[in-house]
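Chain by chain, the residues:
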Amino acid sequence: VSNVAPGPPYTGYQQYSTGTVTNGQAYVGTNAVFCAESAQTIYAKARARLFHQTVDAVNAHIWVFGFSDNYISATPTYSACFILNVNVISTTLIAYSRNGGVAETTSLTIPASANFATFEVIVNGTTNIVYYIDGVAVATHTTVPSSGSMVFGHGVKKFSGTTARTAYLDFIAYKQVYTSR
């Protein structure tokens, strides 16, 4: 499905935590210059475990993977990412694409919290974004971020409560293929 290598052998994983402060966060990634105009295709892939999925009246938090101008936000201005939002009312996993004031979302089935799943975001130039879970296309969006520097990564952030939230990551990778430089 993708040109990103599947990662190292699955012999271990990284675990990181928000800590116990109300606005704690943990993030693994990089400041990637995301230019849809000059890149033919942009690939992002991670094998992660979505933990703490139960609706929680006290400990609201989000999990994010992909590209975003605000590295761990539930509503970034420019993005091509997965967002798991756990709050007082519900737990939702969405494919989220946004270009300025135009957003496109697709609600998705959440993988079981006991298992790792492979998440993939492929931005095909200015044409579309395809989202995959475990190699299966789960959403295709035509709202593509047009500009701006964005960060790439995987993270978890709390909005309330003092119970630590944990993210598990087996591997993470991205690459950009340019039509010209």
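Residues numbered from 1 in each chain as written. Predicted model: local features only at pLDDT ≥ 70, side-chain atom pairs only at ≥ 80, totals over all residues. Heavy atoms only, no water.

Undergrad: Where do I start with the overall build of the chain in this structure?
TA: Looking only at helices and strands, the chain has zero helices and twelve strands in total. Shown N-terminal to C-terminal, the secondary structure of the chain runs as helices and strands in the order β-β-β-β-β-β-β-β-β-β-β-β. Buried residues in the chain amount to 48% of all 181 residues. Of all intrachain contacts in the chain linking residues separated by at least 6 positions in sequence, the fraction that spans at least 24 positions is 67%. Carbon together with sulfur atoms contributes 50% to the accessible area of the chain, which is approximately 8000 Å² in total. (Helix = DSSP H or I, 4+ residues; strand = E, 2+ residues; numbered from the N terminus. Buried < 20%, exposed > 50% of the residue type's maximum accessible area, 1.4 Å probe, protein only. Contact = heavy atoms within 4.5 Å. Areas by Shrake-Rupley, 256 points an atom, 1.4 Å probe, with all protein chains shown as cover.)

Undergrad: Looking at this model, I keep getting lost on the packing of aromatic side chains. Mind explaining?
TA: The description of an aromatic ring pair rests on the distance of the ring centres and on the angle between the ring planes. One pass over the structure, following the stated rule, counts seven aromatic pairs. Taken together, a centroid distance of 5.0 Å and an interplanar angle of 55° make the contact between W63 and F119 tilted. Linking W63 in strand β4 (residues 61-68) with F119 in strand β8 (residues 116-124), this pair joins segments that are 56 residues apart in sequence. F119 carries the same exposure label as W63, and that label is buried. Aromatic rings pair up to connect W63, F82, F119 and Y131 into one cluster. Here the guanidinium or amino end of R49 rests over the ring plane of Y168, the centre of that ring lying 5.0 Å away. (Phe/Tyr/Trp six-rings, centres within 6.5 Å; stacked < 30°, edge-to-face > 60°. Lys NZ or Arg CZ within 6 Å of the ring centre and 35° of its normal.)

Undergrad: Which parts of the structure should I look at to understand the environment of V86?
TA: Assignment of secondary structure puts V86 in strand β5 (residues 78-86). Looking at V86, the relative accessible area reads 1%, which means it is buried. Linking V86 and T54, residues 32 residues apart in sequence, is a C-alpha distance of 7.1 Å.

Undergrad: Got a minute to help me understand the environment of N124 in this structure?
TA: Looking at the element boundaries, N124 is found in strand β8. Separated by 81 residues in the primary sequence, N124 and Y43 have C-alpha atoms spaced 8.7 Å apart. Setting aside residues up to four positions removed in sequence, N124 forms contacts with Q40, T41 and V130. At 2.7 Å, the side chain of N124 forms a polar contact with the side chain of N128. (Polar contact = N/O pair within 3.5 Å; in protein donor to acceptor, adjacent residues only side chain to side chain.)

Undergrad: Quick question: what am I supposed to make of the nonpolar core here?
TA: Counting 31 residues, the largest nonpolar core has W63, F65, F82, L93, F119, V121 and Y131 as its most contacted members. At the level of elements, β3 (39-49), β4, β5, β6 (91-99), β8, β9 (128-133), β11 (150-158) and β12 (166-178) are the ones that each hand at least two residues to this core. Residue contacts for W63: discarding those within four places in its chain leaves A48, L50, F82, I83, L84, L93, F119, H154, G155 and V156. Formed by seven residues, the second largest nonpolar core is a distinct cluster that contains I62, V64, I83 and I94. (Core = buried A, V, L, I, M, F, W, Y, C linked by side-chain atoms within 4.5 Å.)

Undergrad: Just to check I follow, could you spell out unusual backbone geometry for this structure?
TA: Apart from glycine, the bulk of residues carry a negative phi angle, and the bulk of peptide bonds sit in the trans form. Within the chain, D134 stands out as a residue other than glycine whose phi angle is a positive 50°. Within the secondary structure, D134 sits in the loop between β9 and β10 (136-141). Classification of D134 by relative accessible area gives partly exposed; the value is 48%.

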